[in-house]
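Given next are the chains, with one letter for each unit.
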Protein chains: 2
Amino acid sequence: MKVTVIGIGLIGGSMARSLRIAEFADMVYGVDSNNEHIRTALDLGIIDQAISLQQAAKMSDLIIVATPVDSIIGIVSKLLDEMQDSIIIDVGSTKSALMQAIKSHPNRGRFVATHPMAGTEYSGPEAAIPDLFINKCTVLVDIEDSDEDAVEAVKNMYRAMQMSMVFHDSVDHDLHTAYVSHISHISSFALALTVLEKEKNEKRIFELAGGGFRSTVRLANSNADTWVPIFEQNRDHVLDVLDEHINTISRFRTLLIKKDFEGFRNMILQANQIKRIVH
Amino acid sequence: MKVTVIGIGLIGGSMARSLRIAEFADMVYGVDSNNEHIRTALDLGIIDQAISLQQAAKMSDLIIVATPVDSIIGIVSKLLDEMQDSIIIDVGSTKSALMQAIKSHPNRGRFVATHPMAGTEYSGPEAAIPDLFINKCTVLVDIEDSDEDAVEAVKNMYRAMQMSMVFHDSVDHDLHTAYVSHISHISSFALALTVLEKEKNEKRIFELAGGGFRSTVRLANSNADTWVPIFEQNRDHVLDVLDEHINTISRFRTLLIKKDFEGFRNMILQANQIKRIVH
C-alpha cells in the first residue's frame, strides 16, 4: 500500500516505521513544511520520497495527517477537496473542532478520525521509534460518519501496528482525553516550573533528581507547537479538570497546615487506588 | 563484612542485594518487625539470617537502618546505646529531626546519615532490585559529626554500589529534598486523585492512559507508611514548595481563562528548560 505521512515527527515518523516493518506500507511518501525534517526522514529511511500536499492527494492509498491540531483542519479539508481514491486519517489529540469543520464535506466518508494513545516527550523525526505503538490503544472517533470500507482499512492498519481499538464520539473523546492525558501534561509542566523556581541551584536538582522526580517531570519536555493548540481547542474540558486538580492539591496543603496526618494518609491510600488501573 | 539491614523493603532489600553482588557483604543479617517480610527476604536470598535488634548491635560491622523515618530515631538511638564496634547508617528521606535527637549521644561518631536518591513506586522485599542504585547519587549528611573512619567505610560502601556522592548539612538536605523529591510525590498523588474523581469510568482511564499519564502518575502508588512520616517531619519545607506549585498551576488556569495562549506557550517553553537538567 502507498502511504503518505504528513508531518514526520514523533507520531507520524513512528507510524511510518511501524507500517513499513509490518509490511503494511510498501511505499512511504512524506510531506513536511520543515525541510530539515524531510532531510532527516530521508536519511533515516523513514520515508522513501518527499512529495507535496497536492501530490499526496493523488498518489496515496492512505494519508496520515500527523501535524499539530491547529493545522489538521486545513490540511484535511484540502485533501478531501483534491483526493481521488485515498483514505485519509488524522492522529490528533482533539476532535470536536475538526469534526465540525468537515461535517458537510461531500468526501467526508473517506476520512477516519483516530487517536493512538502513545507518545514520548521527544519530538521530530529523530524521535520516531517503530515499536512506540505495540500493545497500546487507539481511539477511533465518530466512525459512523466514515465509509465502512475506509473504517475497515484503518482497523487493518492499527491491527498491523499491534494496537487495540476503542470507539468514542468526538465530544466524549475530547472530554476523556482532557481528564486523562491533557491534565498530566499541565501537571508535569507545572512541576518543572515549580522546581526551577524554588531550586535556583540547578546542580542540586541534578543531584537530587531520583527516578521519581524524573518520571513525574518527564512530560515537561513536551513540545509547545504540539501542545498549545491542543489546550486551545480543548480549553473548556481542560479548565474543568484543572479546577479539580487545584482543589485536590489544595486539600493536601490544608491537611499539612492543620497537621492532619491521618487525613493525609487517607488521601494517599485513595491515590494508591490508581494501581488497580495503571500498574 | 557482616552487614545488617533493618527494614527489608524496597531500599533496604535492594541495598542488601547490591552489597552482596559487589562482594562488599559476605554475610547479610535482617531485622524486620513484619514476619512476612522476613520470610520473603529469606526465601529470595536477600538475607542469610534473621536476627533481633539487640543481636544486630553486637554482631554487625555495618548496620543499615532502612525503616520509615518515624521509627529511625528510636532504632538508631537504641543501636548507639547497645553497639560495640559497628558503624550505623540510615537511608531516610528526612534528617533534621534525627540529627537533633542523637546530637549529644556519646557514640554519635559511629553514625553516618545518608540518603541514596533512588527508588521505585513499589514496596516490600519483593520490590528489591540489585541495580536500583547504579549511577545514582547519594547524599551524605552532616559528616563532620561522624568519625572519619566511619565516613570512609560508608564511602567505600556507596562506591561498591556504583553511586556518586554529594555532601549537605541536614537543614539544606531537608529543604532541597522537599523542593525536588517530596513535591513530586504530592503532585503525583494529586493527579491520581483528580483523574479518579473526574473519570468515574475506570475502563476509560485504562484505555486512554498512554505512556505520559502512566509516567506522571507512577509515584501515586507510593507507600503511605513510608511517605506520611516524611511529610510530617518535613512539613514546613513541603508547605513552602507546595504553595509555589499551587501558584504555578493557577497561572496555567488563569491563562486558559483569559485565552492567553501566547502566555501559555511561554510557560511551556520555560518548563522545557528542565531538559537541561533532566533528560
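Keep in mind the model is a prediction, meaning the values are calculated, not measured. (Residues numbered from 1 in each chain as written. Chains lettered and ligands numbered in written order. Predicted model: local features only at pLDDT ≥ 70, side-chain atom pairs only at ≥ 80, totals over all residues.)

Trainee: Even after reading the chapter, I still don't get the sheet that holds strand β5 (residues 87-90) of chain A, so can you show me in this structure?
Mentor: The pairing of strands in a sheet happens through backbone hydrogen bonds and is either parallel or antiparallel. Residues and elements named next belong to chain A. Read across the sheet, 8 strands follow the order β3-β2-β1-β4-β5-β6-β7-β8 without closing on themselves; strand pairing throughout is mixed. The sheet is open, and its two borders are formed by β3 (49-50) and β8 (164-168), each paired with just one other strand. Alignment of β5 against strand β6 (residues 111-116), held across 3 bridges, turns out to be parallel. Its bridge partner being in β6, Ile88 is matched across the sheet by Phe111. Packing of helix α4 (residues 69-82) onto the sheet brings it into contact with β1 (2-6), β4 (62-65), β5 and β6, and relative to β5 it is tilted by some 175°. (Pairing = 2+ DSSP bridges. Helix = DSSP H or I, 4+ residues; strand = E, 2+ residues; numbered from the N terminus. Contact = placed C-beta atoms within 7 Å. Axes fitted to C-alpha atoms, helices over the stretch in contact; angles between N-to-C directions.)

Trainee: Sorry, what's going on with the packing of helix α11 (residues 235-257) of chain A against helix α7 (residues 170-198) of chain B here?
Mentor: Between two packed helices, the angle of one axis relative to the other and the distance separating the axes together describe the packing. Across the interface, α11 of chain A lies against α7 of chain B with an axial gap of 9 Å and an inter-helix angle of 130°. Taken as axis vectors, α11 of chain A and α7 of chain B run oblique relative to one another. In this structure, α11 of chain A crosses over α7 of chain B, and the sense of that crossing is right-handed. Facing α11 of chain A, whose interface residues are Val241, Glu244, His245, Thr248, Ile249 and Phe252 of chain A, α7 of chain B presents Ile186, Ala190, Leu191, Leu193, Thr194, Glu197 and Lys198 of chain B. For the contact of α11 of chain A with α7 of chain B, a count of residues per class yields 7 nonpolar, 3 polar and 3 charged. (Parallel < 35°, antiparallel > 145°, perpendicular 65-115°, else oblique. Left-handed = near helix turned anticlockwise from the far one by under 90°. Nonpolar A, V, L, I, M, F, W, Y, C, P; charged D, E, K, R; others polar.)

Trainee: I'm lost on the relation of the copies chain B and chain A in this one. Help?
Mentor: What relates the two chain copies is a rotation about an axis together with a slide along it. The transform that puts chain B on chain A rotates by 180° and translates by 0.0 Å along the axis, for an RMSD of 0.0 Å. Between the two chains, the operation in question is that of a two-fold axis. When C-alpha positions in chain B are compared against the rotation axis, the closest is assigned to Thr216 of chain B, at 2.1 Å. Residue by residue, 100% of the interface of chain B is reproduced at the interface of chain A, so both copies engage with the same surface. (Least-squares fit on C-alpha atoms with pLDDT ≥ 70 in both.)

Trainee: Looking at this model, I keep getting lost on the environment of Ala57 of chain B. Mind explaining?
Mentor: All names here are of chain B. With respect to the element layout, Ala57 can be found in helix α3 (residues 53-59). Separated by 23 residues in sequence, Ala57 and Leu80 have C-alpha atoms that sit 8.1 Å apart. Leave out the neighbours within four places in its chain, and Ala57 touches Leu79, Glu82, Met83 and Ser86.

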